[in-house]
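# Geometric and topological summary
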Amino acid sequence: MSERLSVLKTYKLYVGGKFPRSESGRVYEVTDAKGTWLANAPLSSRKDARDAVVAARKAFGGWSGATAYNRGQVLYRVAEMLEGRRDQYAAEVAGAEGLSKPKAAAQVDAAIDRWVWYAGWTDKIAQVVGGGNPVAGPFFNLSTPEPTGVVAILAPQKSSLLGLVSVIAPVIATGNTAVVVASEKSPLPALSLGEVLATSDLPGGVVNILSGRTAEIAAPLAAHQDVNALDLAGADETLAKQLEIAAADNLKRVLRPQPVDNAEWSATPGTDRMTAFLETKTVWHPTGALGASGSSY
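As a starting point, this report considers the structure included with it. (Residues numbered from 1 in each chain as written. Predicted model: local features only at pLDDT ≥ 70, side-chain atom pairs only at ≥ 80, totals over all residues. Heavy atoms only, no water.)

## Focus on the sheet that holds strand β10 (residues 278–286)
- Reading across from one edge, β3-β4-β10 is the order of the three strands in this open sheet, with antiparallel pairing throughout. One side of each edge strand has no neighbouring strand; the edge strands of this open sheet are β3 (131–132) and β10.
- Examined bridge by bridge, β3 and strand β4 (residues 139–147) share two bridges and lie antiparallel to one another. Its bridge partner being in β4, Gly132 is matched across the sheet by Leu142. (Pairing = 2+ DSSP bridges. Helix = DSSP H or I, 4+ residues; strand = E, 2+ residues; numbered from the N terminus.)

## Let's talk about unusual backbone geometry
- A positive phi angle, close to 55°, is found at Leu251, a residue other than glycine.
- Considering the arrangement of structural elements, one finds Leu251 in the loop between α9 (237–247) and β9 (253–255).

## Examining the side chain of Lys252
- Secondary-structure assignment places Lys252 in the loop between α9 and β9.
- Buried within the structure, Lys252 lacks any salt-bridge partner; its nearest side chain of opposite charge belongs to Asp249, at an N-O separation of 7.0 Å.
- One polar contact links the side chain of Lys252 to the main-chain carbonyl oxygen of Ala222, over a distance of 2.7 Å.
- Within the local environment of Lys252, its side chain forms a polar contact with the backbone oxygen of His224, the two atoms lying 2.7 Å apart. (Buried < 20%, exposed > 50% of the residue type's maximum accessible area, 1.4 Å probe, protein only. Lys, Arg positive; Asp, Glu negative; His and termini not counted. Salt bridge = Lys/Arg side-chain N within 4 Å of Asp/Glu carboxyl O. Polar contact = N/O pair within 3.5 Å; in protein donor to acceptor, adjacent residues only side chain to side chain.)

## Side note on the pattern of salt bridges
- Under the counting rule described, the total for this entry stands at 13 salt bridges.
- Between Glu80 and Arg77 there is a salt bridge; the shortest N-O distance is 3.0 Å. Placement of the pair is Glu80 and Arg77 together in helix α2 (residues 68–84), with a separation of three residues, close to one helical turn.
- The partly exposed category is assigned to Glu80, whose relative accessible area is 38%.
- Ionic pairing is found between Glu244 and Arg256, a salt bridge with its closest N-O pair at 2.9 Å. Taken together, the positions of Glu244 in helix α9 and Arg256 in the loop between β9 and α10 (272–275) put the pair twelve residues apart, joining distant regions of the chain.
- Owing to a relative accessible area of 24%, Glu244 belongs among the partly exposed residues under this scheme.

## A few points about the pairing of strand β1 (residues 27–31)
- With five bridges joining them, β1 and strand β2 (residues 37–42) adopt antiparallel strand pairing. Considered in β2, the bridge of Tyr28 is made with Ala41.
- Where β1 folds back on β2, the antiparallel hairpin that results is connected by five residues, among which Gly35 adopts a positive phi of roughly 85°.

Now the structure itself:
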């Protein structure tokens, strides 16, 4: 009996709910912690970045207009799909980060739990950061959070799945759409995440995933006039400064690299990554008079 050849996986970008190859046709080698070849990943171009922004903007209206409860259901469905592919992700994380199988499996479990955690916040964050404001006059004054828009995310360079989930989930949980630049050295878990998102209930374009040279892809995203915010989790100090300068041109919100971005991402997250990409809308409404007595509500 002859020995069969393995069917090697072809990794692709995830843009607009589809799986295109890079517009440039370029790829680059991805190796494990020991330098062993794992796969060829797409080397995204500026055109790919622009296409991803177009897809994210197109999806924004429908996603931000969905009820918070519905977004929570969709995020939970993604967690279900991740759970079903747990073994695959454990193998990819082990290869990407040089972890033993038990440690890689623990990282995958933590990533799934993290996704569920943010799914539970979708219909609660408004109650935490919004509310009624006391005013000196016959008015209702209500503040409510609204999503910022299209957020470009530089995924953590070292935490290929748990860190990735920790930056994507809070952005989309609050109604934003995302263009994600995967870890340059370890992009495979991120590219596989696209397959999970495509087979869940998440509308195409809500999350778009690019792989390649972080600095090369991030520059056009930071300067793009239709990108509303940047999460620089995966940028080093020099790159972060350059991107902040480019982002100032259209007053993007910028979340600078945090101390946790260089840690293991294992701590329970707070609400900071959700509120970083929320705007506050305040509405004034006059209280109406009820009858001749002048009493009001």
